[in-house]
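For reference, the chains in residue letters:
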Amino acid sequence: NPINKRNCDYMCESSNKLRQRAIESGYQYFFYLECDLFPHKTIIEDLLIWKQDFVSAPYFISESYKSELCRSEIDLTSKYLLNRNVSTIEGFRDFNGTLKRLDGTGTGCSLISEKLFNMIPFRTISNSPNHADTFFHQDMVAHGFRNMCDTSIIVEHKNQNWYYISPYNFSHQNNFSK
């Protein structure tokens, strides 16, 4: 992560570079996979089966007792992004091994159709702690796309402390215990 850039901004720029390459190459789908997520070998085929504009495979965020599904509810009625993380118990209520329409599940491991990635870029807002995938989901839903999630999959997440390693957030390093 380059000095003087928030992790959110750097990840957004990188995502848009990949998105642009997919557009220029005429790809039908853009498989988005963050570097710290490790899905099973057939994940692309498993997500393609659903034939959706957007389908994600869920994963956990945070660590230890703070660990929870990356799942939130997005309120589109406000001009500001209102994003509420749901509890793990609440998040699992919808997990029954099928494809479900859910709000924000993160783009960490997702398949995005050409129609969708051509229309919606990744973005951030300065001074917002939200990552580009949160805004991507908000924009996607605002444009009438559905956020679909394969509830038969949970992807392994190896590094869950990105917030603490961003240069923008060095002031929070003292909250870290070894």
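Residue numbers run consecutively from 1 along every chain, following the written order of its sequence. This being a predicted model, a pLDDT of at least 70 is required before a residue's local features are given, and a value of 80 or more before pairs of side-chain atoms are given or counted; all residues contribute to the totals for chains, interfaces and linings. Excluding hydrogens and water, the side-chain values take into account all heavy atoms of the structure.

## Considerations on the overall build of the protein chain
Put simply, DSSP H or I for four residues or longer makes a helix, DSSP E for two residues or longer makes a strand, and each gets a number counted from the N terminus. For the protein chain, the count of helices and strands is 6 helices and 11 strands. Any two residues whose heavy atoms approach within 4.5 Å are treated as being in contact. Long-range pairs, those at least 24 residues apart, make up 71% of the contacts in the protein chain between residues at least 6 apart in sequence. Each accessible area is a Shrake-Rupley estimate made with a 1.4 Å probe; only the visible protein chains count as cover when residues are assessed. When the accessible area of the protein chain is evaluated, it comes to approximately 10,300 Å², of which 52% is carbon and sulfur surface.

## Remarks on the nonpolar core
Only buried residues count toward a nonpolar core, which is a set of Ala, Val, Leu, Ile, Met, Phe, Trp, Tyr and Cys residues joined through side-chain atoms within 4.5 Å. Exposure categories follow from relative accessible area, calculated using a 1.4 Å probe and restricted to protein chains: below 20% of the type maximum is buried, above 50% is exposed, and the middle band is partly exposed. Formed by 14 residues in total, the largest nonpolar core has its most connected members in Phe30, Ile112, Leu116, Phe122, Phe136 and Met140. For this core, the elements supplying multiple residues, two or more each, are α1 (7-25), β1 (29-33), α4 (114-119) and α5 (132-142). Ranked by residue count, the leading element in this core is α5, at 3 residues. With residues near it in sequence (within four places) discarded, Leu116 still touches Asp53, Phe54, Phe136, Met140 and Phe145. In this structure, Ile43, Leu47, Val55 and Tyr59 belong to the second largest nonpolar core, which totals 12 residues.

## Describing the sheet that holds strand β3 (residues 54-56)
By definition, two strands form a pair when at least two bridges between them are found by DSSP. Read across the sheet, 5 strands follow the order β1-β9-β3-β10-β8 without closing on themselves; strand pairing throughout is mixed. The open sheet terminates on both sides in strands that have one partner only, identified here as β1 and β8 (99-101). Here the strands of the sheet are splayed against their neighbours by 25° on average, with no regard to which way each runs. All axes are obtained by fitting lines to C-alpha atoms, using only the stretch in contact for helices, and the reported angles, taken between N-to-C directions, cover 0 to 180 degrees.

## What to know about the packing of aromatic side chains
Within 6.5 Å between ring centres, the rings of Phe, Tyr and Trp (the latter by its six-membered ring) count as paired, and their orientation is classed by plane angle as stacked under 30 degrees, edge-to-face over 60, tilted in between. Considering all chains together, one arrives at 5 aromatic pairs under this definition. When the ring of Phe30 is compared with that of Tyr32, the centres are 5.9 Å apart and the planes differ by 90°; the resulting orientation is edge-to-face. Through a chain of ring-to-ring contacts, the aromatic side chains of Phe30, Tyr32, Phe54, Phe117, Phe122 and Phe136 assemble into a single cluster.

## So, the confidence of the model for the protein chain
Overall, the predicted model of the protein chain reaches an average pLDDT of 79, with 70% of residues at or above 70. Along the chain, pLDDT gives the predictor's confidence residue by residue, from 0 to 100. Taken element by element, the protein chain is modelled with least confidence in helix α6 (residues 162-165), mean pLDDT 50, and with most confidence in helix α2 (residues 43-48), mean pLDDT 97.

## A closer look at the pattern of salt bridges
Salt bridges are defined as contacts in which a side-chain nitrogen from Lys or Arg sits within 4 Å of a carboxyl oxygen from Asp or Glu. Taken as a whole, this structure holds 4 salt bridges when the rule is applied. A salt bridge links Glu13 to Lys5, with the shortest nitrogen-to-oxygen separation between them at 2.7 Å. With relative accessibility at 37%, the residue Glu13 sits in the partly exposed group. Among the residues examined, Lys5 registers a relative accessible area of 29% and is labelled partly exposed. Residues Glu156 and Lys158 are paired through a salt bridge, measuring 3.0 Å at the closest nitrogen-oxygen approach.

## Details of the environment of Leu111
Turning to its location among the elements, Leu111 is positioned in strand β9 (residues 109-113). Placed 59 residues apart in sequence, Leu111 and Gln52 show a C-alpha to C-alpha distance of 8.4 Å.

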